[in-house]
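Chain residues, written in single-letter form:
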Amino acid sequence: NKVFHLESACFSDLNQLRNVILNNNNLKRLFKTMFDKTSIFYSLDLSFNDIEIIEDNTFESMKFLFDLNLKNNKITSINNRTFNSLFYLRQLNLEGNQIKNIRKHFWKDLPNLITLNLNKNNLEILFNNTFELLTNLRTLMLGNNKKLEIHLNTFKGIEFLVSINLGGNRLD
C-alpha cells in the first residue's frame, strides 16, 4: 500500500488496537486530529514515509504510547509541543531525518524516555543541558551528523546514561 492521507480519528473505534504500523507509505504531514481518540496505542511505526511536518499536539491523545518510530522521513524541526503528553514513551526513533537543532524544552513531556535515536540527522550544535530533562535516558544515539559541536554541559542531568554513539561525526 502507499497511504498518503489518514482521515481524522480513523482509528477511534478500534478499542483493542495496540500496535500500528504505517511504515513505507507516502505520508507527508501528521495532522493534530489524525490520531484523536487513540490513547490505547502502545507502538506506532511511521518510518520510511515522507513526513516533513508534525503539527503541534499530534500525539496528545496517545497517553500510553511506549514506542514511536519516525525513522527515515524528512522532518527538519521539532518543538516543545511535538511530543506533548507522551509521558510513558520509552523509545523515540528520529534517525535519518533532517533535524538541525534540538533544545532541552523539546523533551519536557518525555520523563520516561529510555532510548533516543538521532543518528543520521543534520545536527550542528548540542547546547548545555540539551538532554537534562531526560533523566531516565539510558541510550543516546547521535552518530553520523557530520559536523557536531558539543558544549561542555550538553549531557548534564542524564546520570543513568549507559550508552552513547557519537561515531561518524566531525566533533568541534
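You'll find the structure just up there.
Bear in mind that the values here come from a model prediction, so they are computed numbers and not experimental data. (Residues numbered from 1 in each chain as written. Predicted model: local features only at pLDDT ≥ 70, side-chain atom pairs only at ≥ 80, totals over all residues. Heavy atoms only, no water.)

With that settled, consider the overall build of the chain. For the chain, the helix and strand inventory stands at zero helices and twelve strands. Mapped in sequence order, the helices and strands of the chain form the string β-β-β-β-β-β-β-β-β-β-β-β. Overall, the C-alpha framework of the chain stretches about 50 × 30 × 25 Å when taken along its three principal axes. Among the 172 residues that make up the chain, the fraction classed as buried is 41%. Across the chain, every contact between residues at least 6 apart in sequence was considered, and the portion connecting residues at least 24 apart equals 56%. (Helix = DSSP H or I, 4+ residues; strand = E, 2+ residues; numbered from the N terminus. Buried < 20%, exposed > 50% of the residue type's maximum accessible area, 1.4 Å probe, protein only. Contact = heavy atoms within 4.5 Å.)

Before going further, it helps to spend a moment on the packing of aromatic side chains. What the rule picks out here adds up to nine aromatic pairs. Ring geometry for F11 and F41: centres 5.7 Å apart, planes at 70°, overall edge-to-face. With F11 in the segment before strand 1 (19–21) and F41 in the loop between strand 2 (29–30) and strand 3 (43–45), this residue pair connects regions lying 30 residues apart in the sequence. Here the two residues F11 and F41 agree in accessibility, since each one is buried. A network of ring pairs unites the aromatic residues F11, F35, F41, F59 and F83 as a single cluster. (Phe/Tyr/Trp six-rings, centres within 6.5 Å; stacked < 30°, edge-to-face > 60°.)

Bringing the sheet that holds strand 12 (residues 169–171) into the picture now. Reading across from one edge, 8-10-12 is the order of the three strands in this open sheet, with parallel pairing throughout. What marks the edges here is a single partner per strand, and that holds for strand 8 (125–126) and strand 12. Bridge analysis of strand 8 against strand 10 (residues 146–150) gives two bridges, and the strand direction is parallel. Looking across to strand 10, one finds that L126 is bridged to I150. (Pairing = 2+ DSSP bridges.)

Looking now at unusual backbone geometry. Positive phi values are uncommon outside glycine, yet N24 reaches one of about 55°. With respect to the secondary-structure elements, N24 resides in the loop between strand 1 and strand 2.

So, about the sheet that holds strand 9 (residues 139–141). With respect to topology, seven strands assemble into an open sheet ordered 1-3-5-6-7-9-11, the strand pairing being parallel. Pairing within the sheet leaves two strands with one partner each, and these edge strands are strand 1 and strand 11 (163–165). Taking each pair of neighbouring strands and ignoring which way they run, the sheet shows an average axis angle of 0°. As judged from the three bridges shared by strand 9 and strand 11, these two strands associate in the parallel manner. Looking across to strand 11, one finds that L140 is bridged to I164. (Axes fitted to C-alpha atoms, helices over the stretch in contact; angles between N-to-C directions.)

Considering all chains together, one arrives at nine salt bridges under this definition. D50 is the salt-bridge partner of K28, the closest N and O atoms lying 3.7 Å from each other. On the criterion of sequence distance, the pair formed by K28 in the loop between strand 1 and strand 2 and D50 in the loop between strand 3 and strand 4 (53–54) is long-range, its members being 22 residues apart. When its relative accessible area of 48% is taken as the criterion, K28 is described as partly exposed. (Salt bridge = Lys/Arg side-chain N within 4 Å of Asp/Glu carboxyl O.)

Turning to the pairing of strand 10, a few remarks are in order. When strand 10 meets strand 12, the two strands line up parallel, connected through three bridges. Within the sheet, the bridge partner assigned to K146 lies in strand 12 and is N169.

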